[in-house]
Structure formats: C-alpha cells, structure tokens
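Observations on chain architecture
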Amino acid sequence: MGAEERSVDPAIKGLLKVSQSYETVWDRLDSQTPHCKFGLQGVCCRNCIMGPCRISQKTKFGVCGANEDTIVARNVVRAIAAGVAAHSDHARAVAILLAEIASGENQDYRIADPEKLKAVAGRLGLETQKELLVLAKEVAGVAMEDFGRQAEEALKFLKSYVPPQRLKRWQELEKNLYKQTAKKMGILPRNIDREIAESLHRTTMGVDHDPLSLLLQGVRTSLADGWGGSLMATELQDIIFGTPRVRAISTNLGVLSADKVNIVIHGHEPILSEKIVEMASHPEMERLAHEVGAEGINVVGICCTGNEILMRQGVPVAGNELHQEMAILTGAVEAMVVDVQCIYPALGKLAKCFHTKFISTSDRAKFPESLHIQFEEKNADEVARKIIETAIKAFPLRNKNQVNIPNHTSEAIVGFSNEALIDLLGGSLTPLIEAMISGDIKGVVGIVGCNNPKVKHDYHHTTLTQELIKRDILVIGTGCWAIAAAKAGLMRLQTQEISGPGLKKVCKALKIPPVIHMGSCVDCSRMLNLAGALAGYLKSDISDLPLVGSAPEWTTEKAMAIGTYFIASGIPVHLWPIPPVTGSQTVVKMLTEDINQSTK
Ligand code: SF4
Ligand code: MSK
C-alpha cells in the first residue's frame with residue numbers, strides 16, 4: 001500500500017514518502033494481512049483452556065458445546081466491558097482527584113469552574129447553597145458511590161441525567177422481557193464496576209450462554225459508561241479544569257516548531273496534560289529552554305488528551321491516532337509524553353531512532369523502551385517539571401538533518417461544550433429546535449471514534465461529514481473524528497459555504513461552523529446530554545429525534561461501548577469496519593434489528 005492509499009492527509013502522505021525506512025502501523029497491518037477469518041467473524045473462543053475453539057461448517061461447537069451465537073455474543077460483551085473499563089477508570093481517577101481537592105489533600109489542582117460544580121450538584125439533587133469544597137466533596141462522593149454501591153438501584157448519575165421517557169422505556173423493557181421470557185434480564189446499570197465484573201463473570205466458561213441475555217448485559221454495561229463513567233469524567237473534569245468555551249486553534253503536524261522544544265502529549269486524561277501545559281509556561285521552564293538554545297517550549301496534543309487541552313486551553317493538536325508515529329518521524333519531537341489508551345507500544349522502538357524521549361507516566365500503562373516518570377497527582381507540579389526538564393535536555397540532541405516538519409496546518413473553531421452551545425443559541429435550545437422543526441436542519445449526526453489503518457486515514461471521517469452537511473445535517477462529534485474534521489478545515493466558518501441552504505442559513509446566523517467539535521471520547525457524554533436536553537425540551541424521548549451516530553473508522557473496544565450506549569439510548573448507529581459479529585446470524589439480527597427496535 002503506497003502513501004497515497006494510506007491517508008487523505010497531505011502531511012502524512014508527504015512524511016510517509018520520505019520516511020520509508022521506518023516501520024509504521026501500515027507496514028505492520030500489511031504483514032498481518034490477511035487476517036484470521038475466525039477472528040473477523042467473532043467465532044473464536046479462548047475463554048478456557050479446553051480451547052481455543054473456533055466454529056466453522058465442520059466444527060459447529062466448541063469443546064464445552066458453546067455454539068457460534070454464544071461465542072460471538074460473549075466476545076461482544078467482553079469488548080464492551082473492556083471499553084467501559086477504560087472510560088470508567090478514567091472517570092474514577094477524576095472523582096478521586098475531586099475528593100482530594102475537596103479535602104485539601106491535593107494542593108496542586110483547584111476547582112476552576114464553581115458554577116459547573118453547582119450545576120452538577122443541582123442535577124444530582126444536592127443542596128447547592130454550601131461552601132464550595134463541601135459541595136465538591138459531596139459530588140465526588142456521589143460519583144464514587146456509583147462505582148461501589150451494592151444495591152439493585154440504578155446509577156445515581158444515570159437517573160439524574162437521563163430524560164424521564166428514556167428511563168421509563170428501559171424500566172418497561174426490563175419488565176416486559178421478564179414477562180415474555182420468564183428470565184430476569186436487567187438493562188439499568190447498578191454500579192459501574194459491578195457491570196464490568198458481571199460481564200466478565202457471565203462470559204467465563206460455563207456461565208451465561210443465551211445470546212440475548214449476554215447482549216443485554218452488554219447493553220447494561222455500556223449504559224454504565226454513557227450515562228455513568230464517561231458522563232462523570234466530562235462533568236468532573238469541567239469542574240476541575242473549566243468548562244470549554246468556543247475558541248480557535250491550529251491543527252496538524254505543522255504545529256510542531258522548528259525552533260522550540262516540542263512536547264507532544266498523547267493519551268486521554270487531562271489530569272496529566274493540563275499540568276504539563278500549565279508548567280510549560282512557567283518562566284523557569286522558559287529560561288531553561290532558552291539556555292539550551294531553544295526559542296521556548298511548544299506543547300501540542302495527539303488523540304483525546306489533545307482534545308481535552310484543545311477544548312479548554314486552546315492548545316494546538318498535532319493529529320489523531322494515526323499521527324502518533326508520524327509526529328516522531330518529523331524528527332522534531334523532544335518528548336512524547338503518554339498516560340493511558342490508544343498509545344502504540346511501537347512508539348518506544350521508533351523513538352529510539354530519533355532523539356525523542358518516549359515518556360510513560362501512568363502506573364496503569366508501561367511500555368517497552370520507554371522512560372518511565374511516575375506521575376503522582378499529589379505531586380503533580382514537581383512531576384510535570386521533571387518531564388519538561390527531560391524534554392528540554394533532549395533539545396540539543398536534535399539532529400537537524402533528520403527534521404522534517406510538514407508545512408501543513410489548519411485552523412478550527414472548537415470548544416463546543418453544551419454550555420457554550422446554549423450560550424451561542426442565546427440561552428436556550430429554542431433556535432436549534434425551531435431550525436429542526438422548520439427543516440432548515442434535517443437532523444444531527446454525531447460522529448465519533450478512531451482511525452483504523454484498514455480504512456484510508458480520515459477518508460470516511462471527512463467524506464461522510466461533507467456529504468452530511470451538504471444535505472442540511474448538522475454534524476457534531478468527538479475523538480479522532482473531531483481532529484480529522486479540524487485538520488480538513490471543516491471546522492472553519494468557511495465550511496458554511498459547502499453546506500446545504502438550510503444549515504448554511506442557521507450556521508451563518510449563529511456564526512458557527514456546521515461541524516462541531518464537542519471534545520474527547522469521554523465527551524460523547526456531551527452529545528448524549530444534548531440529545532437528552534433536546535428530548536426534555538420537547539417532552540419526548542431521544543428516539544423520537546432525528547439523531548444518528550457513526551464511528552466510520554473505529555478501532556478500540558471503547559468505540560464498541562459508545563456505539564452500544566448510543567443504540568440503547570435510542571440513537572441508531574453506523575459502524576465501519578464491520579464489528580466481529582458476522583459469524584452469528586442470531587447476534588447480527590439482535591444487534592441490527594431486535595435491540596434497535598426494542599430501544600426505540
Ligand atoms: Fe472452547 Fe468453550 Fe473453552 Fe470457549 S469456553 S475455549 S468454546 S471449551
Ligand atoms: S483517542 S479511542 S483512537 S477516538 Fe480517544 Fe482516538 Fe479512538 Fe483513541
């Protein structure tokens with residue numbers, strides 16, 4: 001596969017052409033192709049040591065007797081549970097940090113948005129006329145209880161945020177399923193950790209073998225993410241780091257500097273990236289950078305931690321998932337600093353070909369050939385300083401002959417939290433609803449998810465987006481899609497000109513692009529919340545609204561969880577590549593018809 005077939009991004013195509021001697025994700029994909037068809041269809045099982053087993057025309061049952069329906073459904077549930085675990089562990093870290101701030105145990109962070117704290121507390125039904133730190137402690141307490149409560153009741157966050165019609169729909173569904181099947185099958189998540197644990201329990205050898213029962217547990221677990229962990233992460237991060245406001249940023253590899261110390265932050269949790277951004281602007285750090293001959297320090301992001309600091313601090317973003325190796329290939333990165341999720345282990349080996357320090361920081365994520373600098377929230381300032389000093393020391397080792405920064409950047413308008421959006425709309429959702437009722441906006445599509453080298457990089461993200469806005473469909477989204485759209489220039493006001501006439505009229509009046517950046521992967525909860533607010537305004541259910549979700553280049557198990565909670569919340573979802581479910585027609589039907597139908 002040549003550079004032209006690998007990506008639509010001119011920065012990537014150019015770099016790949018001159019960096020052919022370095023192995024990248026596309027080369028490794030080539031060497032893995034063709035992929036195992038049992039894996040692609042989801043019909044392999046290695047959940048016990050009598051196996052691994054795989055189902056084919058010849059062998060219709062695993063050693064234990066499990067058929068393709070059980071095996072495919074189990075694999076789906078395990079993937080969802082893993083995705084939910086990632087988002088929710090992220091949320092847990094933020095909840096713990098909020099509790100530490102509230103108790104005074106952590107002095108390195110503070111509450112940046114007291115208004116958001118009061119709004120979240122009010123939503124959770126707490127009395128808000130209290131001293132801020134007392135309120136913060138109570139909010140953190142509610143969040144932590146949602147990880148540990150043993151009662152059968154649904155998550156407090158879910159009950160406080162989901163529109164009443166949707167909650168009722170799920171409660172009725174639970175009752176009807178019990179009536180119809182005489183089997184107890186729950187949908188409402190009770191405790192985030194419990195749903196993940198129960199999913200793993202049910203999918204071990206010899207437990208749950210009924211594909212419907214399994215998939216409903218997958219739905220329940222995904223809801224513990226969408227209306228639980230992810231939502232909690234977004235809300236609590238807004239409290240600690242500030243609710244995003246609309247701003248302009250630069251994107252793509254051209255944001256790297258030829259003259260400054262380049263620090264690329266990659267991963268997901270703003271707890272680390274916010275601190276690096278803050279510390280990098282400290283005069284002492286600037287002074288040290290000048291001492292080694294640099295003109296300063298340039299912090300940029302990649303993937304979702306990039307989205308977090310872009311939304312709140314206006315930090316430029318160097319790219320999405322498939323840019324992580326490309327950034328190192330520019331030869332201009334002093335440090336690639338990572339925390340958790342979506343970080344290729346290949347980075348360690350690649351960084352060794354350059355002067356780049358590949359710095360891992362999380363106790364949950366260690367890498368071959370990385371330099372590990374342990375991040376401690378309670379000592380965040382000091383650790384951030386150490387990381388930046390390490391990057392500064394690498395600057396004199398930069399080999400100017402190896403430097404090749406693509407001359408490509410794009411501007412984008414970002415920072416659309418729901419609060420910012422409602423402000424732009426003049427304080428209420430009325431103008432958006434009126435535009436939808438009049439037909440100026442025919443619907444809203446939320447696009448999310450990753451890059452996948454099996455798909456031409458950013459091609460589906462950008463093509464789908466353009467085709468939708470041409471048809472008067474407002475596009476909102478998060479994650480690596482949002483970075484793709486920003487790089488392609490689709491988040492500029494000029495994009496109004498390629499929109500359909502109705503959408504163009506609305507966006508011109510509001511002075512917004514027709515393609516809206518709502519944040520990182522956990523911020524898919526902002527879209528759910530927006531859908532909930534629209535439904536609440538109209539006193540209807542989310543499923544009554546013209547909303548669709550898509551993850552057209554998805555990679556991670558997290559995207560599987562997101563897709564499932566969108567469907568369960570009443571929003572139809574498109575996924576590409578096809579998930580590994582085609583080995584069971586029963587599971588395909590349940591996912592594409594039955595669950596869709598019953599959650600409508
Ligand atoms: Fe094979 Fe059953 Fe064991 Fe899976 S659980 S590996 S199908 S014997
Ligand atoms: S970073 S989960 S590759 S969107 Fe959230 Fe991108 Fe997907 Fe990671």
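Residues numbered from 1 in each chain as written. Chains lettered and ligands numbered in written order. Predicted model: local features only at pLDDT ≥ 70, side-chain atom pairs only at ≥ 80, totals over all residues. Heavy atoms only, no water.

For clarity, the threshold we go by: UniProt positions are given in the numbering used here, feature names are shortened, and annotations may be inferred rather than shown by experiment.
An unreviewed UniProt entry lists the protein chain under the name anaerobic carbon-monoxide dehydrogenase, from Thermosulfuriphilus ammonigenes. Under the Sequence similarities (unreviewed entry) heading, UniProt states for the protein chain: "Belongs to the Ni-containing carbon monoxide dehydrogenase family." Per its UniProt entry, the protein chain bears the Subunit (unreviewed entry) comment "Homodimer."

1. Some remarks on the pattern of salt bridges
Close approach of charged atoms lets side chains of opposite charge pair. The test is simple: For salt bridges, the criterion is a side-chain nitrogen of Lys or Arg within 4 Å of an Asp or Glu carboxyl oxygen. What counts as a helix is a DSSP run of H or I of at least four residues, what counts as a strand is a run of E of at least two, and both are numbered from the N terminus. We call a residue buried when its accessible area falls under 20% of the maximum for its residue type, exposed when it is over 50%, and partly exposed in between, using a 1.4 Å probe and counting protein chains only.
Counted by the stated rule, this structure contains 52 salt bridges. Of the charged contacts in the structure, one is a salt bridge between Glu4 and Lys17, with a shortest N-O distance of 2.9 Å. Taken together, the residues Glu4 in helix H1 (residues 3-6) and Lys17 in helix H2 (residues 10-18) connect sequence positions 13 residues apart. Look at Lys17 and you get partly exposed, because its relative accessible area is 44%. Here Asp30 makes a salt bridge to Arg6, at a shortest N to O gap of 3.6 Å.

2. A word on the site of ligand 1
Selection criterion: For this purpose, a residue is taken to be near a molecule or strand whenever a single non-hydrogen atom of the residue falls within 4 Å of it. Three classes are used, and their members are as follows: Ala, Val, Leu, Ile, Met, Phe, Trp, Tyr, Cys and Pro are nonpolar, Asp, Glu, Lys and Arg are charged, and the others, Gly among them, are polar. What counts as a domain boundary in this text is fixed by an automatic or database domain assignment.
Around ligand 1 sit Cys45, Asn47, Cys48, Met50, Gly51, Cys53, Gly62, Val63, Cys64, Ile71, Arg74 and Met205, and those are all the residues in its vicinity. Within the shell around ligand 1, the residues separate by chemical class into eight nonpolar, three polar and one charged. Looking at which domains feed residues into the shell around ligand 1, each of domain 1 (3-54) and domain 2 (68-241) supplies at least three.

3. So, helix H10 (residues 192-202)
Heads up, the condition is: Directions drawn from the helix axis to the C-beta atoms are what define this arc. Should any heavy atoms of two residues lie within 4.5 Å, those residues are counted as being in contact. Whenever a nitrogen or oxygen atom comes within 3.5 Å of another N or O atom, the pair is scored as a polar contact, on the condition that within protein one atom can donate a hydrogen and the other can accept it, and that pairs from neighbouring residues in sequence are kept only if both atoms are in side chains.
Ile192, Glu195, Ile196, Glu198, Ser199 and Arg202 are the residues of H10 that are buried. Viewed end-on, H10 has its buried residues packed into an arc of 165°, placing them on one side of the element. Buried-residue contacts for H10 involve helix H5 (68-103), helix H7 (132-148) and helix H11 (211-241). Capping the start of H10 is the job of one residue whose side-chain oxygen sits 2.9 Å from the backbone nitrogen of Asp193: Asn191.

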